[in-house]
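As a plain string of letters, each chain reads:
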Amino acid sequence: MRYAMAVDTRKCVGCSDCVVACQTENNVPIGFCRDWITETVDGTYPNVEIELRSERCNHCDNSPCVRCCPTGASHIVEGGVVLVTHDECIGCGACIQSCPYDARYSHPDGYVDKCTFCMHRVEKGQKPACVDVCPTKCLYFGDLDDPNSDVSNALRNRKYKVLAPEAGTKPQIYFLT
Ligand code: SF4
Ligand code: SF4
Ligand code: SF4
């Protein structure tokens, strides 16, 4: 099993409903976020292309945040999902420094937090909160090893990219272009 997400950059309208849903579902404190919207502009006027992306932890296959964690709080569970055990985290911030995607934040309660792929929902057969709420249905989640999963179907017929492949982290959030 390999959980992953695909984000359709052609359908994302940057409404931030995914960000609000995540904050509500996961009690993310005000001023912090587990997911966010990035806008990139390519070209020069009048030939300008704008890309909107809903971004979050990439649940990397080769995750520096897990390698550098001195306590084992940052770890990988079944399905390749990268999690932080809050009561084992000493808040040293090594993982924050090591992440090329700036996907983690220091929680005011003294531990580091980030996207969990909403495993508490997935284990109950539900979709992640951000996927569930997206009004344009541009987020696809599932098991890459299942050819019939939403994410496998999304990747089958479209071109896609990952962010900062040169970092060598093998990210598992795929952006349909
Ligand atoms: Fe770690 Fe950052 Fe990759 Fe998430 S995106 S697994 S925090 S290196
Ligand atoms: Fe590990 Fe916590 Fe330090 Fe991050 S802040 S490296 S999770 S102990
Ligand atoms: Fe937030 Fe869950 Fe979406 Fe991750 S999968 S960004 S934790 S709502």
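Rules used throughout
- Residues numbered from 1 in each chain as written.
- Chains lettered and ligands numbered in written order.
- Predicted model: local features only at pLDDT ≥ 70, side-chain atom pairs only at ≥ 80, totals over all residues.
- Heavy atoms only, no water.
- Near = heavy atom within 4 Å.
- Nonpolar A, V, L, I, M, F, W, Y, C, P; charged D, E, K, R; others polar.
- Disulfide = S-S within 2.5 Å.
- Buried < 20%, exposed > 50% of the residue type's maximum accessible area, 1.4 Å probe, protein only.
- Salt bridge = Lys/Arg side-chain N within 4 Å of Asp/Glu carboxyl O.
- Helix = DSSP H or I, 4+ residues; strand = E, 2+ residues; numbered from the N terminus.
- Polar contact = N/O pair within 3.5 Å; in protein donor to acceptor, adjacent residues only side chain to side chain.
- Contact = heavy atoms within 4.5 Å.
- Pairing = 2+ DSSP bridges.

S.K.: Outline the site of ligand 2, listing residues and values.
M.R.: Around ligand 2, a shell composed of 14 residues is seen, among which Cys69, Cys89, Cys92, Gly93 and Cys95 lie nearest. Residue classes in the shell around ligand 2 are distributed as 10 nonpolar, 4 polar and no charged.

S.K.: Requested: an account of the state of the cysteines, with residues and values cited.
M.R.: Scanning all chains against the criterion turns up 0 disulfides. No disulfide involves Cys134; its sulfur sits 3.7 Å from the nearest other cysteine sulfur, which is in Cys138. Cys134 sits in the buried class, given a relative accessible area of 8%.

S.K.: Describe the pattern of salt bridges, naming the residues involved and giving the relevant values.
M.R.: Under the criterion given, the structure shown has 10 salt bridges. What you see here is one network of salt bridges that share partners, running through Glu51, Arg53, Glu55 and Lys161.

S.K.: Just give me the short version of the site of ligand 1, but keep the residues and values in it.
M.R.: Near ligand 1 you find Cys57, Asn58, His59, Cys60, Pro64, Cys65, Val82, Cys99, Pro100, Tyr101, Arg104 and Lys114, and these make up its full shell. For the shell around ligand 1, the per-class residue count stands at 8 nonpolar, 2 polar and 2 charged.

S.K.: I'd love a proper account of the side chain of Glu55, names of residues and values included.
M.R.: Examined against the element boundaries, Glu55 turns out to sit in strand β3 (residues 49-56). You can call Glu55 buried: its relative accessible area is 8%. Looking at Glu55, its side chain comes within polar contact range of the side chain of Thr38, at 3.1 Å. Once residues lying within four places of it in the same chain are set aside, the contact partners of Glu55 are Arg34, Asp35, Trp36, Thr38, Leu163 and Phe175.

S.K.: How would you sum up the sheet that holds strand β1 (residues 3-8)? Please name residues and give values.
M.R.: Neighbouring strands of a sheet are bound in pairs by backbone hydrogen bonds; such pairs are parallel or else antiparallel. Reading across from one edge, β8-β1-β10-β9 is the order of the 4 strands in this open sheet, with mixed pairing throughout. Every interior strand has two partners, whereas the edge strands, β8 (139-143) and β9 (160-161), have only one.

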